[in-house]
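Understanding the architecture of this molecule
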Amino acid sequence: MRRFAAVVVALMMLACPALADTVVSDLGDSYLRSGPGLNYAKLDVLEQGDMAEYLGQMSYDERGVGWYNVLFDGESGWVSSRYTRLETDDGWDWNADALWVRATGGRVYLRSGPGTEYDDVGAIVKGECLRYLDQTRYDESGAAWYKVQNYSYGEAWVSSVYTELTQNYTEATGDDVGTFGSYIRTEGRVNVRSGPGLAWDTLGELGSGVTATYQGNYSVDERGVTWYQIAFEGGSGWVSARYCTLY
């Protein structure tokens, strides 16, 4: 029935002038969520080809990913711009107009301010992109620093010496994928263990949506599962990558 309704809407749009901007799910299915981020509840799903009415509001999550506020099947919610396309009467395309800061070096540190004297608040690796926040500052040597949306810290700064501004979003590639970051966020209840594997003792538990500091060490167990070492209760512990995301 939903697919039939989507077809009817499409035919109506062809037959008469568009009355509102639309968001189209064109890269597979996309969840409609109660808020602009992965931690919000799933309300519905836009199947590939479905269209929703754009309500004129956009928000960015902690990863710098844009979310559209839409009306779909009579319900208001948010969909990720990674899997959808905004079509407007004036031809504006968020995905084309967005600017990103992409790491060109192997490991690029993020700072709390525009210079190396500021605190280290994280890192990105070659190919990884963060949302550019439209501010550039220059340090004493004349090097440019870009203000970006960092995953967990919020706003941060990164040197132009090891990055570039781009309209093309890319992901980290090679051996660095999934092993560099500053924090983990759980995707459900996760056991914290004394070592990198199921055979190690359980030290405690982290609830869903909890953020913990990643200590930069990881290990792969006999099943091929990656484990991250994190700060836990004044010491350290290990959590499985199957139940958390590294930022």
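Small disclaimer: the values here were computed from a predicted structure and weren't measured.

This part covers the overall build of the protein chain. Regarding its fold elements, the protein chain presents two helices and 21 strands. The burial tally for the protein chain puts 43% of its 247 residues in the buried class. Sequence separation of at least 24 residues holds for 52% of the intrachain contacts in the protein chain that already meet a minimum separation of 6.

This part covers unusual backbone geometry. A positive phi angle, close to 50°, is found at aspartate 73, a residue other than glycine. Relative to the helices and strands, aspartate 73 resides in the loop between strand S5 (66-72) and strand S6 (75-80). Even without glycine at this site, glutamate 233 takes up a positive phi of about 50°. A relative accessible area of 69% means that glutamate 233 is categorised as exposed.

Tallied over the entire structure, the rule returns three aromatic pairs. Consider the rings of tyrosine 132 and tyrosine 146, whose centres lie 5.8 Å apart with planes at 85°: the pair is edge-to-face. Within this pair, whereas tyrosine 132 is found in strand S11 (residues 129-138), its partner tyrosine 146 is found in strand S12 (residues 144-149), the two being separated by 14 residues in sequence. One exposure class covers both tyrosine 132 and tyrosine 146, and it is buried. Aromatic side chains tyrosine 214 and tyrosine 228 sit 5.5 Å apart centroid to centroid with 75° between the ring planes, which places their arrangement in the edge-to-face category. With tyrosine 214 in strand S18 (residues 211-220) and tyrosine 228 in strand S19 (residues 226-232), this pair connects stretches of sequence that are 14 residues apart. Accessibility assignment for this pair places tyrosine 214 and tyrosine 228 in one class, buried.

Next up on the list: the pattern of salt bridges. Here the structure, examined in full by the defined rule, presents three salt bridges. Put simply, glutamate 155 and lysine 147 hold a salt bridge, and the shortest N to O gap is 3.0 Å. Exposure remark for glutamate 155: the relative accessible area of 45% places this residue in the partly exposed category. The class for lysine 147 is buried, based on a relative accessible area of 13%. One salt bridge connects arginine 189 with glutamate 205, and the closest N-O pair in it is separated by 2.5 Å. You can see arginine 189 sitting in the loop between strand S15 (183-186) and strand S16 (190-193) and its partner glutamate 205 sitting in strand S17 (residues 202-206), a full 16 residues away along the chain.

Next up on the list: the side chain of lysine 147. Here lysine 147 shows up in strand S12. Excluding its chain neighbours within four sequence positions, the residues that come into contact with lysine 147 are Arg131, Tyr132, Leu133, Gln135, Glu155, Ala156 and Trp157.

So, about the side chain of arginine 33. Positionally, arginine 33 belongs in strand S2 (residues 30-33). A polar contact is formed between the side chain of arginine 33 and the backbone oxygen of leucine 38, at a distance of 3.1 Å. Other than its neighbours up to four places away in sequence, arginine 33 contacts Leu38, Tyr40, Ala41, Lys42, Leu43, Trp67, Gly77 and Trp78.

Residue tyrosine 214 is classed as buried on the basis of its relative accessible area of 6%. Residues tyrosine 214 and tyrosine 247, spaced 33 residues apart in sequence, show a C-alpha to C-alpha distance of 8.8 Å.

Quick look at the confidence of the model for the protein chain now. Here the protein chain averages 78 in pLDDT, while 79% of its residues score no lower than 70. Below a pLDDT of 50 lies the segment residues 92-96, which in the model reaches 14 contacts outside its immediate sequence neighbourhood of four places, other chains included.

Attention shifts here to the pairing of S11. Of the strand pairs in this sheet, strand S8 (residues 100-103) and S11 are connected by three bridges, and their pairing is antiparallel. Bridging from a neighbouring strand, arginine 102 pairs with cysteine 129 of S11. Relative to S12, S11 is paired through five bridges, and the arrangement is antiparallel. Note that in S12 the partner of arginine 137 across the bridge is tryptophan 145. Here S11 folds back onto S12 in antiparallel fashion, the turn holding five residues, of which glycine 142 has a positive phi close to 95°.

What counts and what doesn't
- Each chain has its residues counted from 1, running along the sequence as written.
- This being a predicted model, a pLDDT of at least 70 is required before a residue's local features are given, and a value of 80 or more before pairs of side-chain atoms are given or counted; all residues contribute to the totals for chains, interfaces and linings.
- Where side-chain values are given, they derive from all heavy atoms of the structure, hydrogens and water being excluded.
- Only DSSP runs of H or I reaching four residues or more are called helices, and only runs of E reaching two or more are called strands; each is numbered from the N terminus.
- Only protein chains enter the calculation, and the probe is 1.4 Å; a residue is then buried if its accessible area is under 20% of its type maximum, exposed if over 50%, and partly exposed in between.
- What makes two residues a contact is simply this: any of their non-hydrogen atoms within 4.5 Å.
- The criterion for an aromatic pair is that two Phe, Tyr or Trp rings (for Trp, the six-membered ring) have centres within 6.5 Å, with stacked assigned to planes under 30 degrees apart, edge-to-face to planes over 60 apart and tilted to the rest.
- Salt-bridge detection follows one rule: a side-chain nitrogen of Lys or Arg within 4 Å of a carboxyl oxygen of Asp or Glu.
- Think of a polar contact as two N or O atoms within 3.5 Å of one another; within protein, one of them needs to be a possible hydrogen donor and the other a possible acceptor, and neighboring residues in sequence only count if both atoms come from side chains.
- pLDDT expresses, on a scale from 0 to 100, how confident the predictor is about each individual residue.
- We call two strands paired when DSSP finds no fewer than two bridges between them.

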